[in-house]
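The chain contents come next:
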Amino acid sequence: MDVFKIEGGHSLSGTVEAGGAKNAALPIFAATLLTGGVCRINGVPDLSDIRFMAKILRYLGARVDQVGPHTWEIEAQEVHHCAPYDLVRQMRASICLLGPVVGRLRRTEVSLPGGCVIGPRPIDLHLKGLSRLGCKVDVRNGYVEVDGSGLCGDYLYLGGRHGSTVTGSANMIMAAVLAPGTTRIESVACEPEVVDLCQMLVKMGAKIHGIGSHYLKIEGVKELHGCEHTVVPDRIEAGTLLLAGAITKSSVTVQNVIPGHMRALLDAMESSGVPFECKPDQRQISVFETRATLKPVEIITLPHPGFPTDLQAQMLALMAVTPGLSFITERVYPNRFMHVPELLRMGAHVSMEGASAVVNGVNRLNGAPVMASDLRASAALVLAGLAAEGTTWIQRIYHLDRGYEELESKLNLLGASVERLPQDALPSDLIEDS
Ligand code: EPZ
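All values derive from a computational prediction rather than experimental measurement.

A. Expanded view of the overall build of the protein. Of regular secondary structure, the protein possesses 14 helices and 24 strands. Over its C-alpha trace the protein gives a radius of gyration of 22 Å, about what one expects of a compact globule, namely 22 Å for 434 residues. Buried residues in the protein amount to 57% of all 434 residues. Put simply, 73% of the contacts in the protein that link residues at least 6 apart link residues at least 24 apart. Both charge centroids of the protein, one from 39 positive and one from 46 negative side chains, sit 5 Å from each other.

B. Region of interest: the nonpolar core. Core analysis: the biggest nonpolar cluster contains 77 residues, and Phe29, Ile173, Val177 and Leu201 have the highest contact counts within it. Examining the composition of this core, we find that seven residues originate from one element, helix H1 (residues 22-31), more than from any other. Leave out the neighbours within four places in its chain, and valine 177 touches Leu34, Leu201, Ala206, Ile208, Ile218, Glu219, Gly220, Val221 and Leu224.

C. Looking closely at the sheet that holds strand S20 (residues 350-353). The mixed open sheet is built from four strands, whose spatial order is S18-S19-S21-S20. One side of each edge strand has no neighbouring strand; the edge strands of this open sheet are strand S18 (298-301) and S20. If you compare each strand with its neighbour and ignore which way they point, the axes differ by 15° on average. Bridge analysis of S20 against strand S21 (residues 356-361) gives four bridges, and the strand direction is antiparallel. The residue bridging serine 351 from the neighbouring strand is valine 358, located in S21.

D. Representation of the site of the ligand. Surveying the vicinity of the ligand reveals 24 residues, the closest of which are Leu125, Thr165, Thr167, Asp310 and Val332. Between the ligand and the protein, one listed contact pairs an oxygen atom with a side-chain N or O atom of arginine 92 at 3.3 Å. Within the side chain of threonine 165, one N or O atom sits 2.7 Å away from an oxygen atom of the ligand. Considered on its own, the ligand offers 820 Å² of accessible surface; in the complex 92% of this is hidden by protein. Only H1, helix H5 (124-132), helix H6 (166-176) and helix H12 (375-387) provide two or more residues apiece to the shell around the ligand. Tallying contributions element by element places H5 first for the shell around the ligand, with three residues. The residue inventory of the shell around the ligand, partitioned by class, reads nine nonpolar, seven polar and eight charged. For the shell around the ligand, the two domains that each supply at least three residues are domain 1 (2-19 + 233-433) and domain 2 (22-230).

E. Structural detail: the environment of aspartate 154. Mapped onto the fold, aspartate 154 is located in the loop between strand S9 (143-147) and strand S10 (155-157). On the basis of relative accessible area, aspartate 154 is assigned to the partly exposed category, the value being 31%. Here the alpha-carbon distance between aspartate 154 and alanine 176, two residues 22 residues apart in the chain, equals 8.8 Å. The residues touching aspartate 154, leaving out its near neighbours within four places in the chain, are Arg132, Leu133, Thr182, Thr183 and Arg184. Here the side chain of aspartate 154 touches arginine 132 through a polar contact of 3.3 Å, side chain to side chain.

F. Layout of the packing of aromatic side chains. Tallying each qualifying case throughout the model produces one aromatic pair. An angle of 65° between the planes, with centres 5.5 Å apart, marks the rings of phenylalanine 29 and tryptophan 72 as edge-to-face. Of this pair, phenylalanine 29 sits in helix H1 while tryptophan 72 sits in strand S5 (residues 71-75), and the two are 43 residues apart along the sequence. For the pair phenylalanine 29 and tryptophan 72, a shared accessibility class is recorded, and that class is buried.

G. Region of interest: unusual backbone geometry. Put simply, histidine 304 and proline 305 share a cis peptide bond, and its omega is 10°. By secondary structure assignment, the location of proline 305 is in the loop between S18 and helix H10 (312-320). Positioned with a positive phi, asparagine 141 is a non-glycine residue whose angle comes to about 50°. On the secondary structure map, asparagine 141 appears in the loop between strand S8 (136-140) and S9. We classify asparagine 141 as exposed; its relative accessible area is 72%. Positive phi outside glycine occurs at lysine 249, with the angle close to 50°. The residue lysine 249 is located in the loop between helix H8 (235-247) and strand S15 (251-255) in this model.

H. Layout of the domain arrangement of the protein. What the domain assignment reports for the protein is domain 1 (2-19 + 233-433) and domain 2 (22-230). Once you take the C-alpha centre of each, domain 1 and domain 2 turn out to be 30 Å apart. In this complex, domain 1 contributes 22 residues to the contact, which on the side of domain 2 involves 19 residues. Between domain 1 and domain 2, roughly 1800 Å² of surface is buried when both sides are summed, and carbon and sulfur atoms account for 52% of that area. Of all residues in domain 1, His304, Arg402 and Glu405 give up the largest surface area on contact with domain 2, accounting jointly for 33% of the area buried on that side. Viewed at the interface, domain 2 and domain 1 are joined by two salt bridges. Notably, a salt bridge pairs arginine 402 with aspartate 49, separated by 2.8 Å at the nearest N-O pair.

I. Quick peek at the pairing of strand S3 (residues 38-42). Across four bridges, the pairing between S3 and S5 is antiparallel. Note on S5: the bridge partner recorded for isoleucine 41 is tryptophan 72. Relative to strand S14 (residues 227-230), S3 runs parallel, the two sharing four bridges. Residue pairing in the sheet places arginine 40 in a bridge with glutamate 228 of S14.

Rules behind the numbers
Residues numbered from 1 in each chain as written. Predicted model: local features only at pLDDT ≥ 70, side-chain atom pairs only at ≥ 80, totals over all residues. Heavy atoms only, no water. Helix = DSSP H or I, 4+ residues; strand = E, 2+ residues; numbered from the N terminus. Rg over C-alpha atoms; globule rule 2.2 N^0.38 Å. Buried < 20%, exposed > 50% of the residue type's maximum accessible area, 1.4 Å probe, protein only. Contact = heavy atoms within 4.5 Å. Lys, Arg positive; Asp, Glu negative; His and termini not counted. Charge placed at Lys NZ, Arg CZ, Asp CG, Glu CD. Core = buried A, V, L, I, M, F, W, Y, C linked by side-chain atoms within 4.5 Å. Pairing = 2+ DSSP bridges. Axes fitted to C-alpha atoms, helices over the stretch in contact; angles between N-to-C directions. Near = heavy atom within 4 Å. Polar contact = N/O pair within 3.5 Å; in protein donor to acceptor, adjacent residues only side chain to side chain. Areas by Shrake-Rupley, 256 points an atom, 1.4 Å probe, with all protein chains shown as cover. Nonpolar A, V, L, I, M, F, W, Y, C, P; charged D, E, K, R; others polar. Domains from an automatic or database assignment. Phe/Tyr/Trp six-rings, centres within 6.5 Å; stacked < 30°, edge-to-face > 60°. Buried area = accessible area lost by both parts, 1.4 Å probe. Salt bridge = Lys/Arg side-chain N within 4 Å of Asp/Glu carboxyl O.

Below, the structure written as structure tokens:
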């Protein structure tokens, strides 16, 4: 297992490029099961989650070839219907195989994904949606068994206690595109990644109306054909890179970004006084060096277009070094604060009140040995390490590799000092008990 050694206090400068969105590429990979034709996907980030989804698709019978650093070709002439526990449990997002396998084969068996550190990760809305579309859904021995012989278009409402569901929406859309009749989905997620999936499905011959809104009308078709598609830029990676510039009070330009996908983050940055400029026509955003003291903010995470939960940890890191009281509330994953105990080790002043963090910003964090726990918490610790005085060691950075392609290379290109080292490079007093 690798570790990061970060020497903090460097100011950054320069230009980096965001990759394609992991959370678009994963359902898009799953959607290739809907056709026997060849799908060529460009702009795919080189991540462990992507390689894992490719492994599952091969297990299900598809031909999956990486034909370039960020280009894959997938052809699912034959598809098996069962995705086993030992594969699915390793990546929750594999639940988005439910919809396309039911749509293509009219049956599936997918292991229940289980929870993760950010929360229980239920799939009740996914199962309710499939039932509304005429499927017989049983949960038995840790598996979801779906008999989709009665699959047919219908009306379904996807709102839950925490708003809509992103992969649940992807699943319902992918089941509906081949369902006889018309499907109307109310309270569908409209994250840019769901929009990107819909745009690829339309290229494959699907009939989807209302893309980008919370209401979709889908006219089922008999079959879909292959296509070529380029994955939408990753707004979460782009936001993380912009916040790296903000937390080090540096000038950083991020390319391959769509400002219209990041309005909530940009609004928060503006409220805090982070100087930035958007150039939508050039698909780029720049933050600028500043000597001004940033202002604390109040953030509440919500489904898109609200403030994305996937940038909450990174924003909290910035507020940890912004003097004054900031209030950060999670309305999507109330327990998603695994980064807080680690930031406290670096000298942050944060107290938890239920699903809200009260952040009393300090002038400077101190480098310390910390532990990554999940993908976005890891990113927050990297940002904190960049701004801290001294050395920060981050263990278990395999969490980071799930969602960031060569983050250390991009940050070092900007002037940071982030070394990826083997676990045994850790100072002896830090090595975890085996
Ligand atoms: C997607 O997860 C993303 N993952 C997550 O990104 C992201 O944090 C999340 O959407 C919210 O934006 C992928 O797209 C692969 P949800 P998903 O279903 O679809 C509750 C990252 O860091 N809910 O939209 O699993 C659920 O408990 C990852 O890149 C139900 O109650 O999230 C949560 O509170 C982490 N019942 C809320 O809804 C359900 O059936 C949002 O969940 C489904 C969800």
